[in-house]
Amino acid sequence: MLFKEFLVLVRRGVEEILSKAVDSVSKAAEQLGKDAEVAFPGTVYGLPLIYALTGRKLGSLESLRGELVSTKLLAMKKDELTSLYNSGLAALMAMEVSEAVNFSTVKAYPKPYVGFISDTTFRELSLSLADGTVPGIAVLTGRASGEEMHSLLGELKDRNILVLLAGPIIKGVKEAGYELGLESKLVPLGESYPSIVYAANLLVRTPLMFGGVEAGRREEILSYMKHRVPAFMILLRELSEVTAPIIAGFAGLGVPVITDADIPEIPRLTIKVDDYMKSVEVGCEVKGIKYKRVVKPPIPVDYGPSFEGERIRKENMYVEFGGAKTEAFELLRIRKPGEVSDGHIELVGPDLEELAEGSPAPLGIIVDLAGEGVERDLEAVLERRIHQFLNRCKGLMHIGSRDEIWIRISKEAAKAGLKIRNIGDILYTMYHSTFPRIVEKVQVSVITDPIQVSKMIGEARRLYMERDKKVKELTEEEVDAFYGCTLCQSFAPTHVCVITPERVSLCGATSWLDAKISYKLDPSGPNFIVLKGRCLDPVKGEWTGVNETVLDKSHGSTKRVYLHSIFGFPHTSCGCFEAIAFYIPEVDGIGVVHRGFKEATVNGMTFSTMAGFCGGGKQVEGFLGIGVNYLRSKKFLVADGGFNRVVWMTSELKERVKESIPRDLYDKIATEKDASSIRDLQVFLREAAHPVVQRWDKKA
Ligand code: SF4
C-alpha cells in the first residue's frame with residue numbers, strides 16, 4: 001500500500017474513533033452528569049497517555065469532552081509523516097477516553113481480561129525488566145489461528161518476553177492452549193481492539209515513573225519511548241480503519257510495529273515481514289533486545305520459562321513432597337573440587353513408579369558444587385536458584401525453599417516418563433549452563449528414602465543456621481568492598497544503588513551477597529564492585545571510594561553520599577524502591593510509608609506523590625527510597641537517630657519489621673490508625689513520650 005493510501009485509511013479510522021469517543025462521553029454525561037469524575041483505578045497519572053503527552057490530568061466528563069476537541073486538532077496538523085503519527089496518537093488518546101468512560105460506567109473487564117494495569121503492578125513488572133529476567137515487552141494484536149499463535153508464542157516464550165495481547169488474536173492464544181495471566185507473562189488486555197490502549201498507557205508511564213521526565217514534555221517523552229523502552233508491537237494480518245490508526249499511534253509513540261499486513265514501511269518504525277514467524281526476531285533486533293535461549297536438560301517433558309508458575313491441582317497430582325505433609329528439604333553445599341564427582345546423580349530411595357499415586361512422600365535434594373572462586377558465602381544465593389530451575393519443568397511445581405519446600409509432579413508428567421531422578425538431571429544441567437564461569441563440578445543426590453531424609457534434614461538445618469549466623473554478623477567495616485547496581489538507570493539515568501551488608505538495595509531484590517555473586521558471574525554486568533576507600537564519617541556512612549564510584553556511575557551528577565542519613569547527601573532514589581522514609585519538619589521526626597499504601601500519609605501526601613518527586617535518580621534531602629530490609633539493619637538511618645527518630649509508619653510495615661523496632665519504642669511510633677494529620681501526630685507523640693519530644697523541648 002502506498003503511504004498516501006495508508007494515511008487516508010488512518011484518517012478515516014481516526015474520525016470514526018473520535019466520534020465514538022465523543023458519543024461515549026455524551027452518553028455518560030447524560031447518565032452521570034457532566035461533572036462526574038472518570039478515572040482508572042490504581043494510578044496517579046489520571047489518563048496516563050493523555051497526561052504524559054499533554055501534561056493535563058483529566059477528571060470530569062466535561063474535561064474529557066474538551067480534550068477530544070484538542071485531540072481532533074492534533075490529528076489535522078503538520079506535514080504528512082507528522083500528520084500520520086499525530087493522527088495515530090489522537091486515535092489512541094480517543095480510545096483512552098472511551099475506555100476511561102467505560103471504566104466509570106461499566107467497571108472492570110470480565111476475567112481473564114486485565115484491562116488497565118495499575119502503577120503498582122507495573123512497578124512489580126518493571127523489576128523483572130530492570131534485572132533483565134524479562135528482556136522486553138511485545139504487544140500482540142490482529143488475528144491468527146491457534147497453530148500460528150502456538151509457534152509465535154513459542155518464540156516469545158523462549159526469549160522470556162512479556163506479552164500484552166489485545167483484540168481477536170486472544171482467541172488464537174486460547175486455541176493454542178496457553179494459560180493467560182500476569183504469572184504466565186501472557187497478559188490479555190481485552191478482546192476488542194481499543195483495549196490495546198492499555199498497552200500504550202502502560203508503556204508511556206515508563207518515562208514518567210522511572211525516567212524522571214515531566215508529563216507534558218512531549219518530545220522528551222517520545223524520545224525516551226523510542227530509545228529506552230524495550231517494546232515492540234506485532235500486528236498479524238488485519239489492516240482496517242481500526243488497526244491502521246493503532247499502527248500509526250504506536251509508531252508515533254516510538255514503538256516499532258512489525259506486521260505481515262500490506263503497509264508502507266517507515267525505517268525502524270513500521271516494518272513489513274513476509275513470514276510472521278520472523279516478527280519476533282525483527283522486533284528484538286530493532287529494539288536491541290538481547291536474549292539467551294534456555295538450555296533444555298535431558299528430560300522427557302518440555303522445559304522453559306513458560307512453565308514457571310504452573311500450578312498442579314490435587315486431582316491432577318501424581319505425587320507430592322513436603323508442603324507440611326512430609327519432611328522435605330533442599331540444600332546446596334560448596335565443596336572442594338576433590339570432593340565432588342562431576343555429573344554424578346544418585347537417587348537414594350524409590351523412584352516415581354514405586355510410590356503410591358496421589359500420596360505424599362518425603363524428599364531431600366542435595367546439590368554439591370565446586371569451582372574456582374566459588375566461596376561458601378555464595379551458597380544461599382546459588383541454592384535459591386533451585387526454585388527457578390525446577391519450576392521450569394513442565395508438570396513439576398516447586399514452592400518454598402530450604403526445609404519448607406512443596407513439590408508436586410503431575411499425572412501427565414509421570415505418564416510422559418518424568419522420574420524423580422530427573423530432578424538431578426535438571427539441576428546438573430542448569431547449574432553448569434547458567435554459571436559456566438564459576439561452576440566446574442556439580443553432583444546431585446535426590447533422596448526419597450524416609451530414614452535418609454530424616455537423617456539429612458537435621459544436617460541441612462544445622463547448615464542453614466550456620467549460614468544465617470554468618471550473614472547476620474557481616475558488617476560494613478568487616479567486608480573488603482561494597483557492590484553497586486545501575487540496572488535502574490534505564491529508567492532513572494543518574495541512579496546508583498550502593499549495596500552493603502547493612503544496606504540492601506532499594507528494590508529489596510539485591511542483598512550484598514546477591515550483588516557479589518552477580519558481579520562474580522558477569523563483571524561487566526549491572527553489578528560492580530565499590531571499593532570502600534577511606535571512611536570519612538563512620539556514623540553517616542561516608543566513604544571516599546563510594547563517593548568516587550557514585551560520581552563516575554552517575555555521570556557526574558552525585559558527588560557525595562551518606563549511606564545512613566536522610567539529610568545532607570542522602571542516597572539517590574530510583575523508582576522501584578519498596579518504601580520511602582520522609583522527614584516531617586513539624587515534629588522533627590521521620591515517617592516511613594510502604595509501596596502499596598494507597599491513602600495519604602500523615603504529611604498529607606501519598607506514596608505516589610512522594611515517589612514522583614524523589615524518584616528518577618535524584619538526591620532529595622528529607623526523602624529517601626529504601627528497601628524494607630534496610631529497616632531491619634542496625635545501621636538504619638543511624639546518623640539521624642534510627643528508630644528513635646521514626647515517628648510514623650504504616651501499620652502494615654510496622655508489623656512486618658516489628659522484631660527490629662526496639663521494644664520500648666514500638667508503641668511510641670504512630671500509624672495511620674493513630675494519626676492522620678500533623679496535629680494528631682503531635683498530640684500522639686507527646687502523650688506517648690516519644691524521644692523526639694525531647695528535641696522539641698530543647699529547641700523551645
Ligand atoms: S533498585 Fe538498585 S539494586 Fe534494584 S534494580 Fe534498581 S539499581 Fe539495581
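These numbers come from a predicted model, not from an experiment.

Undergrad: Which residues make up the packing of helix α1 (residues 3-32) against helix α11 (residues 243-252), and what values go with them?
TA: Between α1 and α11, whose axes approach to 7 Å, the crossing angle comes to 100°. In terms of orientation, α1 lies roughly perpendicular with respect to α11. Each of F6, L9, V10, G13, V14 and I17 in α1 lies in contact with α11, whose residues at this interface are A244, P245 and A248. Here the residues of the contact of α1 with α11 are counted per class, giving 8 nonpolar, 1 polar and no charged.

Undergrad: How would you explain the nonpolar core if you had to name every residue and give the values?
TA: Counting residues in each nonpolar core, the largest one holds 170 residues, and the members touching the most others are L165, I580 and V647. At 12 residues, helix α4 (residues 80-105) tops the list of elements feeding residues into this core. When residues are assigned to domains, this core turns out to be shared by domain 1 (3-287) and domain 3 (481-699), each giving three or more. Among all residues touching L165, those that are not within four sequence positions of it are L140, I170, V173, L186, V187, P188 and L189. Counting residues in hydrophobic clusters, the runner-up holds 49 residues, among them L369, I405, I426 and A460.

Undergrad: Give me the sheet that holds strand β17 (residues 527-531): which residues, what numbers.
TA: Read across the sheet, 3 strands follow the order β16-β15-β17 without closing on themselves; strand pairing throughout is antiparallel. Strands with a single pairing partner mark the edges of an open sheet, and in this sheet they are β16 (497-499) and β17. Each strand axis lies, on average, 35° off the axis of its neighbour in the sheet, ignoring direction. Examined bridge by bridge, strand β15 (residues 481-485) and β17 share 5 bridges and lie antiparallel to one another. Within the sheet, the bridge partner assigned to Y483 lies in β17 and is I529. Contacting β15, β16 and β17, helix α18 (residues 544-553) crosses the sheet at an angle of about 140° to β17.

Undergrad: Before we move on, can you summarise unusual backbone geometry with the specific residues and values?
TA: Put simply, K111 and P112 share a cis peptide bond, and its omega is 10°. Residue position: P112 is located in the loop between α4 and α5 (119-130). Positive phi outside glycine occurs at N160, with the angle close to 60°. Turning to its location among the elements, N160 is positioned in the loop between α6 (146-158) and β2 (162-166). Even without a glycine there, the phi angle at R402 is positive, about 50°. Along the polypeptide, R402 turns up in the loop between β12 (396-399) and β13 (406-410). Judged by C-beta crowding, with 19 C-beta atoms within 10 Å, R402 ranks as partly exposed.

Undergrad: Which residues make up helix α17 (residues 512-521), and what values go with them?
TA: When you tally the buried positions in α17, you get 7 out of 10 residues, the bulk of the element. In this fold, the buried residues of α17 make contact with α13 (379-391), β15, β16 and β17.

Undergrad: Which residues make up the sheet that holds strand β11 (residues 363-370), and what values do they have?
TA: One open sheet holds the 4 strands; their spatial order is β8-β11-β14-β9, and the pairing between them is mixed. Each having just a single partner strand, β8 (328-334) and β9 (345-348) make up the two edges of the open sheet. Mean inter-strand twist for the sheet, computed between neighbouring axes without regard to direction, equals 10°. Relative to β11, β8 is paired through 7 bridges, and the arrangement is parallel. Along β11, the bridge assignment pairs A328 with L363. Across the sheet, α13 touches β8 and β11, and the angle it forms with β8 is around 135°. Against the sheet, helix α15 (residues 422-434) touches β9, β11 and β14 (441-447), its axis set at about 155° to β14.

Undergrad: Please set out the site of the ligand residue by residue, giving values where relevant.
TA: Lining the immediate environment of the ligand, one finds 15 residues, of which C485, C488, C497, S505 and C507 sit closest. Taken together, the residues of the shell around the ligand break down into 10 nonpolar, 4 polar and 1 charged.

Undergrad: Summarise the environment of A91; cite the residues concerned and give the values.
TA: With respect to the helices and strands, A91 occurs in helix α4. Placed 153 residues apart in sequence, A91 and A244 show a C-alpha to C-alpha distance of 9.9 Å. Other than its neighbours up to four places away in sequence, A91 contacts G13, V14, I17, P245, I246 and G249.

Undergrad: Go over the domain arrangement of the chain, please, and point to the residues and values.
TA: Reports of interface size often rely on the accessible area that becomes lost once the parts have come together. As far as domains go, the chain holds domain 1 (3-287), domain 2 (312-388 + 399-408 + 420-468) and domain 3 (481-699). Summarising the inter-unit geometry, the C-alpha centres of domain 1 and domain 3 are found 35 Å apart. With 14 residues of domain 1 in contact, the opposing surface of domain 3 contributes 17 residues. Looking at the side of domain 1 that touches domain 3, the elements with two or more residues in it are α5 and α9 (205-209). Sorting elements by how many residues they give to the side of domain 1 that touches domain 3 places α5 first, with 6 residues. The residue inventory of the side of domain 1 that touches domain 3, partitioned by class, reads 5 nonpolar, 5 polar and 4 charged.

Conventions we followed
Residues numbered from 1 in each chain as written. Predicted model: local features only at pLDDT ≥ 70, side-chain atom pairs only at ≥ 80, totals over all residues. Axes fitted to C-alpha atoms, helices over the stretch in contact; angles between N-to-C directions. Helix = DSSP H or I, 4+ residues; strand = E, 2+ residues; numbered from the N terminus. Parallel < 35°, antiparallel > 145°, perpendicular 65-115°, else oblique. Contact = placed C-beta atoms within 7 Å. Nonpolar A, V, L, I, M, F, W, Y, C, P; charged D, E, K, R; others polar. Core = buried A, V, L, I, M, F, W, Y, C linked by C-beta atoms within 7 Å. Buried ≥ 20, exposed ≤ 12 C-beta atoms within 10 Å, placed from the backbone. Domains from an automatic or database assignment. Pairing = 2+ DSSP bridges. Near = placed C-beta within 6 Å.

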